Amino acid sequence: ESRAIEMVTDARGRHAESVAVAEGDASARIRVAEGLAESFVPQAETLSQQPEIGRYRLRLEAIERSFASPRKYLNTVPGSQGVDLWIDPEKEDVIKFNYRE
């Protein structure tokens, strides 16, 4: 009987611990989501007041995110008319950008 009581007590303790961890994770996710939502307000205001600048900024941020993880190669052949940017040319679906001034 004492072993059964000990097992129930342990199970209750593990349950309480997992509930506390889950509540902490949920609270952290909520704070992150609130912060992201709050950061969107100034962006929306800028976009409504100065749409050209806002769209340009969003475009630059998207380009910045695209440079985060894949391999990138700049093909700068002497005498060429511009710069080619290849993102992971070893893959089948090579993404190539061509920049010319």
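Remember, it's a predicted structure, so these values are computed and weren't measured experimentally.

Participant: Which parts of the structure should I look at to understand the overall build of the protein chain?
Facilitator: The helix and strand tally for the protein chain stands at two helices and three strands. Traced from its N-terminal end to its C-terminal end, the protein chain shows the element sequence α-α-β-β-β. Relative to its full complement of 101 residues, the protein chain shows a buried share of 5%. Long-range contacts, defined here as pairs at least 24 residues apart, represent 0% of the contacts in the protein chain between residues at least 6 apart. Here the protein chain has roughly 8900 Å² of accessible surface; of this, 57% comes from carbon and sulfur atoms.

Participant: Teacher, can you tell me more about the pattern of salt bridges here?
Facilitator: Oppositely charged side chains may form a pair once their charged atoms are brought near each other. Enumeration over the complete set of coordinates arrives at two salt bridges. Residue Glu6 is joined to Arg3 by a salt bridge in which the shortest nitrogen-to-oxygen separation is 3.5 Å. One end of the pair, Glu6, and the other, Arg3, are both in helix α1 (residues 2-49), three residues apart, so they sit about a helical turn from each other. Among the residues examined, Arg3 registers a relative accessible area of 52% and is labelled exposed.

Participant: Would you mind going over the packing of α1 against helix α2 (residues 51-66) with me for this structure?
Facilitator: Relative orientation and spacing of two packed helices are given, respectively, by the angle between their axes and the distance between those axes. Across the interface, α1 lies against α2 with an axial gap of 5 Å and an inter-helix angle of 130°. As judged from the angle between their axes, α1 and α2 are oblique. Counting all contacts with α1, which are made through Gln43, Thr46, Leu47, Ser48 and Gln49, the residues of α2 involved are Pro51, Gly54, Arg55, Arg57 and Leu58. For the contact of α1 with α2, the residue count by class is three nonpolar, five polar and two charged.

Participant: Quick question: what am I supposed to make of the confidence of the model for the protein chain here?
Facilitator: Regions with low pLDDT carry predicted coordinates that are not meant to be interpreted in detail. With 66% of its residues at a pLDDT of at least 70, the protein chain reaches an overall mean of 80. Across the protein chain, element-level confidence peaks in α1 with a mean pLDDT of 92 and bottoms out in strand β3 (residues 95-99) with 52.

Participant: Quick question: what am I supposed to make of a nonpolar patch on the surface here?
Facilitator: A contiguous nonpolar surface patch, about 380 Å² in accessible area, is contributed by Tyr56, Leu60, Ile63 and Phe67. Assignment of secondary structure puts Tyr56 in helix α2.

Participant: How do you make sense of the environment of Ser39 when you look at a structure like this?
Facilitator: In this fold, Ser39 is placed in helix α1. When its relative accessible area of 36% is taken as the criterion, Ser39 is described as partly exposed. Within the local environment of Ser39, its side chain forms a polar contact with the backbone oxygen of Leu36, the two atoms lying 2.8 Å apart.

What counts and how
- Residues numbered from 1 in each chain as written.
- Predicted model: local features only at pLDDT ≥ 70, side-chain atom pairs only at ≥ 80, totals over all residues.
- Heavy atoms only, no water.
- Helix = DSSP H or I, 4+ residues; strand = E, 2+ residues; numbered from the N terminus.
- Buried < 20%, exposed > 50% of the residue type's maximum accessible area, 1.4 Å probe, protein only.
- Contact = heavy atoms within 4.5 Å.
- Areas by Shrake-Rupley, 256 points an atom, 1.4 Å probe, with all protein chains shown as cover.
- Salt bridge = Lys/Arg side-chain N within 4 Å of Asp/Glu carboxyl O.
- Axes fitted to C-alpha atoms, helices over the stretch in contact; angles between N-to-C directions.
- Parallel < 35°, antiparallel > 145°, perpendicular 65-115°, else oblique.
- Nonpolar A, V, L, I, M, F, W, Y, C, P; charged D, E, K, R; others polar.
- pLDDT = per-residue confidence, 0-100.
- Patch = residues over 30% accessible without salt bridge, like charges linked within 9 Å, V, L, I, M, F, W, Y side chains within 5 Å.
- Polar contact = N/O pair within 3.5 Å; in protein donor to acceptor, adjacent residues only side chain to side chain.

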